[in-house]
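Secondary and tertiary structure notes
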Amino acid sequence: MVGIRTHDLRKVYNSAPPLAAGGTFAFSTARGKKAPKNEIVALNGLSLNISSGEIFGLLGPNGAGKSTTVGILTTRVRPTEGQAWIGEHEVWREQVAVKRLIGVVAQRPNLDFSLTAREILLFHGAYFGLDSRARAERADELLDRFKLRERAEQMVRGFSGGMMHRLSIARAMMHDPQILFLDEPSAGLDPQTRLLLWEIIREYNQRGKTILLTTHNLEEADALCQRLAIIDHGRNIAMGTPSELKASVPGGFVLRLRFGRQSPELLQRLQGLAGVREVRAHEVASSAGKRGADAGLSDINSIDVYADRGGSLISEIANLASAASVELCDVHISEPSLENLFLHHTGRSMRE
Amino acid sequence: MNWKTFLALLGRDAHVARRNFIPLLLQTFLQPMMFVFIFGRVMVSSGYMPAAYKSLLLPGIMAISMVFTGVWAVAMPLIAEFQFTREIEDRLLAPIEISWLAIEKVIFGTLQALVAGLAVIPMAWLLLRPVEFNLHSPLSFAFVTLLVALFSSCGGLALGCSVDQAHIGLMFSMVLTPMIFFGCTYYPWSALAHFPILQKIVLVNPLVYASEGLRGTLVPQFPHLSLLAVLVALTLFDVALLGVGLRQFHSKAVS
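Predicted, not measured: the structure shown is a model, and the values here were computed from it.

What follows is about the overall build of chain B. Looking only at helices and strands, chain B features ten helices and zero strands. For chain B, the succession of helices and strands along the chain, N to C, is α-α-α-α-α-α-α-α-α-α. For 255 residues, the compact-globule estimate of 2.2 N^0.38 gives 18 Å, and the C-alpha radius of gyration of chain B, at 19 Å, lies within 12% of that figure. With the C-alpha coordinates of chain B rotated into their principal frame, the extents come out at 60 × 40 × 35 Å. When burial is assessed residue by residue, chain B has 44% of its 255 residues classed as buried.

Below you can see the structure in the form of structure tokens.
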């Protein structure tokens, strides 16, 4: 039984990070002689403590630092500061011992194109010192489990994306690792394959294995993970079980409103409505607003209302707006969800 | 060091080479064969070249064949696997220090370069009969050949981890081609005596020592650099290229 720990991890890339470790862009203001012009801070003091036997999810938007975290924990990224442990082994110092304990499924397929599906599994087993009989048995078992038996003797070049993904996961399980890392496991999978994958992950976990997965899919995080950390801009902004996290959002419901113009008076009245816990106006100068991609949504006239009821508030809000002669342009109600939690902590939606 | 893993990595490369045996064979031998035929047979039998040129040419062809094979065998897979297909990631996660993966590539490339180089001798003998070579010291020949093979695969490692996928063509036209033409492959180093500056400059080209070393051990009747100079230079190039190659490999493998 092996757990995962990180302490104050920081990763700064001096140039664009590799695709596998999508980083968030933050331009350094340091003007020191040696300071590079554009540093990219991917992780900014991330501490995690994942117990053995847990399915743990790192949830966050693209560029939050999830893949960099996985990269550091799997020996592929050198932390700028801080430490990471797999079990008792410090990852950067004891790489070989760590590599024996982990199985890794990368975000992008990285199968060996010179080999057939079965050979990929057999050679992977050989790298981990399995004898030929154990290799063959385990490979057959996994090919069956992942429904790849019929294509086992074919080169993987012609495989569909979903098949490559399944084979990558089978390969990561080939040496029966204590910890399985899955970077965006169900990205690009059809719903049926996604369910198969979830089932396999749960099954593997029931054998006492620890699983760390990253996702920006809230449904997946909610359905699969026993605990979650929400990551944004390289920091851990909230951690707990999915239900604990959802309960931490004031009221649970979020009404995103857009008005024709700004009105401080209206803002105050909204606060006074029964069931409203918190009202937040978007600031135009928020770091999110600057970054272009989400400028269209989080403009100055948007207001988020956190409340313990949803639809029944709309008519009251509409009345307040017309009384203040402000046009109500857009309304979006969301029920208690991780999405709202993300919104609550970061001031922006995960999809923005 | 974990031998099981290391042997499995070698096994994987051997398996892939076996699968690609025919293309590999053509890629390795077609060019030297055509060289031997045109320069050694057509040019000589038509009288444009003296008969002795056949023997002078042999070590040069051998050096070219080894360098091409070694560089190709190590650099091309690395360029593709690091950049485009990321195939190498699975092996980087094998339970062994990642430097051993680079060394495994070098060993495999060295073996391929040795095969490619040694196969030139029977091929030349078949196509060029009679060709005079005089293997007066088999040990020094073996030593030089090994150093040349190592130089080609270490060079492959250094190039493969430094060259971007988009610049493969440039690597051949800017690095390998000038190296071959200024590498004393088609002529002995002493033939550059009329171009004294060029004669000094080409000494930075490791292929000069490779061709001259093979010339000195295989056809010593022609002028050649001293064996000691060749051994020292090739050893230095091998160590330097391996060092650069390993460093570049690490910077590619770990971000």
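Quick look at the overall build of chain A now. Counting secondary structure elements, chain A contains twelve helices and 14 strands. When each of the 352 residues of chain A is scored for burial, the buried share is 44%. Partitioning the intrachain contacts of chain A with sequence separation of at least 6 by distance along the chain shows that 74% fall at a separation of at least 24.

Residue and element names in this part refer to chain A. One open sheet holds the four strands; their spatial order is β12-β13-β11-β14, and the pairing between them is antiparallel. One side of each edge strand has no neighbouring strand; the edge strands of this open sheet are β12 (276-281) and β14 (328-334). Across the sheet, the mean angle from the axis of one strand to that of its neighbour is 15 degrees, orientation sign disregarded. Most of the contacts of helix α9 (residues 264-272) go to β12, to which it runs at about 160 degrees, and overall it touches β12 and β13 (302-307).

Our next topic: helix α9 (residues 206-218) of chain B. In this model, α9(B) (13 residues) spans 18 Å end to end at C-alpha, consistent with the 18 Å of a helix rising 1.5 Å per residue. When you tally the buried positions in α9(B), you get 13 out of 13 residues, the bulk of the element.

Okay, the pairing of strand β1 (residues 4-13) of chain A next. All names here are of chain A. When β1 meets strand β4 (residues 81-86), the two strands line up antiparallel, connected through five bridges. Bridging from a neighbouring strand, Arg10 pairs with Glu81 of β4. Sheet topology places β1 next to strand β2 (residues 40-50); eight bridges connect them, and they run antiparallel. The partner of Thr6 across the bridge, within β2, is Leu48.

Residue and element names in this part refer to chain A. Across the eight residues of helix α1 (residues 66-73), eight count as buried, placing the element largely inside the fold. Taken residue by residue, α1 has Lys66, Ser67, Thr68, Thr69, Val70, Gly71, Ile72 and Leu73 as its buried positions. Count one or two residues on from α1 and you reach Thr75, which has phi positive near 70 degrees.

What follows is about the packing of helix α3 (residues 117-127) of chain A against helix α4 (residues 132-145) of chain A. All names here are of chain A. Packing of α3 against α4 leaves a shortest axis separation of 9 Å and a crossing angle of 135 degrees. The orientation of α3 with respect to α4, classified from their angle, is oblique. Note on packing geometry: the crossing formed by α3 with α4 is right-handed. Every residue of α4 that contacts α3 at Ala117, Arg118, Leu121, Leu122, Gly125 and Ala126 is listed here: Arg135, Arg138, Ala139, Leu142 and Leu143. Considering only residue class, the contact of α3 with α4 consists of seven nonpolar, one polar and three charged.

Before going further, it helps to spend a moment on the interface of chain A and chain B. Contact residues are listed per partner, giving 27 residues for chain A and 22 residues for chain B. Broken down by secondary-structure element, the contributors of at least two residues to the side of chain A that touches chain B are α2 (95-101) and α3 of chain A. Looking at the side of chain A that touches chain B, its residues break down into 13 nonpolar, seven polar and seven charged.

Here the focus is the nonpolar core. With 160 residues, the main nonpolar core has Ala170(A), Phe181(A) and Val148(B) as its most contacted residues. With 18 residues, helix α3 (residues 53-84) of chain B is the largest single contributor of residues to this core. When residues are assigned to domains, this core turns out to be shared by domain 1 (4-246) and domain 2 (252-346) of chain A, each giving three or more. The contacts of Phe181(A), once residues within four sequence positions are left out, are Val70(A), Leu73(A), Thr74(A), Ile102(A), Val104(A), Val105(A) and Leu212(A).

Attention now goes to the domain arrangement of chain A. Residue and element names in this part refer to chain A. Each domain of chain A was delimited in the assignment, giving domain 1 (4-246) and domain 2 (252-346). Mapped by element, the contributors of at least two residues to the side of domain 1 that touches domain 2 are α7 (218-224), β9 (227-232), β10 (235-240) and α8 (242-247). Of the residues that constitute the side of domain 1 that touches domain 2, the class distribution is eight nonpolar, no polar and three charged.

Moving on, we get to the confidence of the model for chain B. The predicted model of chain B has a mean per-residue pLDDT of 89, with 100% of residues at 70 or higher. The ipTM for the predicted assembly is 0.87, set against a pTM of 0.82.

The next point concerns the sheet that holds β2(A). Residue and element names in this part refer to chain A. Strand order in this open sheet of four strands is β2-β1-β4-β5, and the pairing throughout is antiparallel. Each of the sheet's edge strands pairs with one partner strand only, and the pair in question is β2 and β5 (89-90). Sitting on the sheet, α1 touches β1, β2 and β4, and the angle it makes with β1 is about 115 degrees.

The next subject is the packing of α9(A) against helix α11 (residues 314-323) of chain A. All names here are of chain A. Contact geometry for α9 and α11: axes closest at 10 Å, N-to-C directions at 150 degrees. When the axes of α9 and α11 are compared, the pair comes out roughly antiparallel. Of the two elements, α9 crosses α11, and the hand of that crossing is right-handed. In this structure, α9 contributes Leu266, Arg269 and Leu270 to the contact, and α11 contributes Ile317, Leu320 and Ala321. Looking at side-chain class alone, the contact of α9 with α11 contains five nonpolar, no polar and one charged residues.

Glancing now at the confidence of the model for chain A. Low pLDDT marks regions whose predicted coordinates should not be analysed in detail. Residues and elements named next belong to chain A. For chain A, per-residue confidence averages 82 on the pLDDT scale, and 87% of positions sit at 70 or higher. At the level of individual helices and strands, chain A shows its lowest average pLDDT in helix α10 (residues 287-290), which scores 42, and its highest in α3, which scores 95. Note on residues 19-35: pLDDT is under 50 here. Beyond four places in sequence and across chains, it has 37 contacts.

As a further point, take the pairing of β9(A). Residue and element names in this part refer to chain A. The element β9 is largely enclosed, with a buried count of five among its six residues. Across four bridges, strand β3 (residues 55-59) lies against β9 in parallel orientation. Bridge pairing links Phe56 to Arg227 in β9. As consecutive antiparallel partners, β9 and β10 are separated by two residues, and within that stretch His233 has a phi angle of approximately 50 degrees, a positive value.

Quick look at the environment of Ala281(A) now. All names here are of chain A. Checked against the element boundaries, Ala281 lands in strand β12. For Ala281, a count of 18 C-beta atoms within 10 Å corresponds to the partly exposed category. With 19 residues separating them in the primary sequence, Ala281 and Gln262 have C-alpha atoms 9.3 Å apart. When neighbours within four sequence positions are excluded, Ala281 is seen to be in contact with Leu267 and Ile303.

Calculation notes
Each chain has its residues counted from 1, running along the sequence as written. Working convention: letters from A go to chains and numbers from 1 go to ligands, in the order in which they are written. Only residues with pLDDT of at least 70 are given local features in this predicted model, and only at 80 or more are side-chain atom pairs given and counted; all residues enter the totals for whole chains, interfaces and linings. The secondary structure listing takes helices from DSSP runs of H or I that are at least 4 residues long and strands from runs of E that are at least 2 residues long, numbered from the N terminus. Radius of gyration: over C-alpha atoms. The globule rule applied is 2.2 Å multiplied by the number of residues raised to the 0.38 power. Residues with at least 20 neighbouring C-beta atoms inside 10 Å of their own are called buried, those with 12 or fewer are called exposed, and the rest are partly exposed, where every C-beta is derived from the backbone. Residues are treated as contacting if the C-beta atoms built from their backbones sit within 7 Å of each other. Two strands are counted as paired when DSSP detects at least two bridges linking them. In this description, a line fitted to the C-alpha atoms serves as the axis of each element, helices being fitted only across the stretch in contact, and the angle between N-to-C directions of two axes falls anywhere from 0 to 180 degrees. To estimate how far a helix should reach, multiply one less than its number of residues by 1.5 Å. Oblique is the label for any angle not covered by the other classes, which are roughly parallel (under 35 degrees), roughly antiparallel (over 145) and roughly perpendicular (65 to 115). Throughout, a crossing is termed right-handed when the near helix is turned clockwise from the far one, and left-handed when it is turned anticlockwise from it by less than a right angle. Each residue is assigned to one of three groups, with Ala, Val, Leu, Ile, Met, Phe, Trp, Tyr, Cys and Pro labelled nonpolar, Asp, Glu, Lys and Arg labelled charged, and all others, Gly among them, labelled polar. Structurally, a nonpolar core is described as a collection of buried Ala, Val, Leu, Ile, Met, Phe, Trp, Tyr and Cys residues joined by way of C-beta atoms within 7 Å. Note that the domain bounds reflect an automated or database-derived domain assignment. pLDDT runs from 0 to 100 and stands for how confident the predictor is about each residue.

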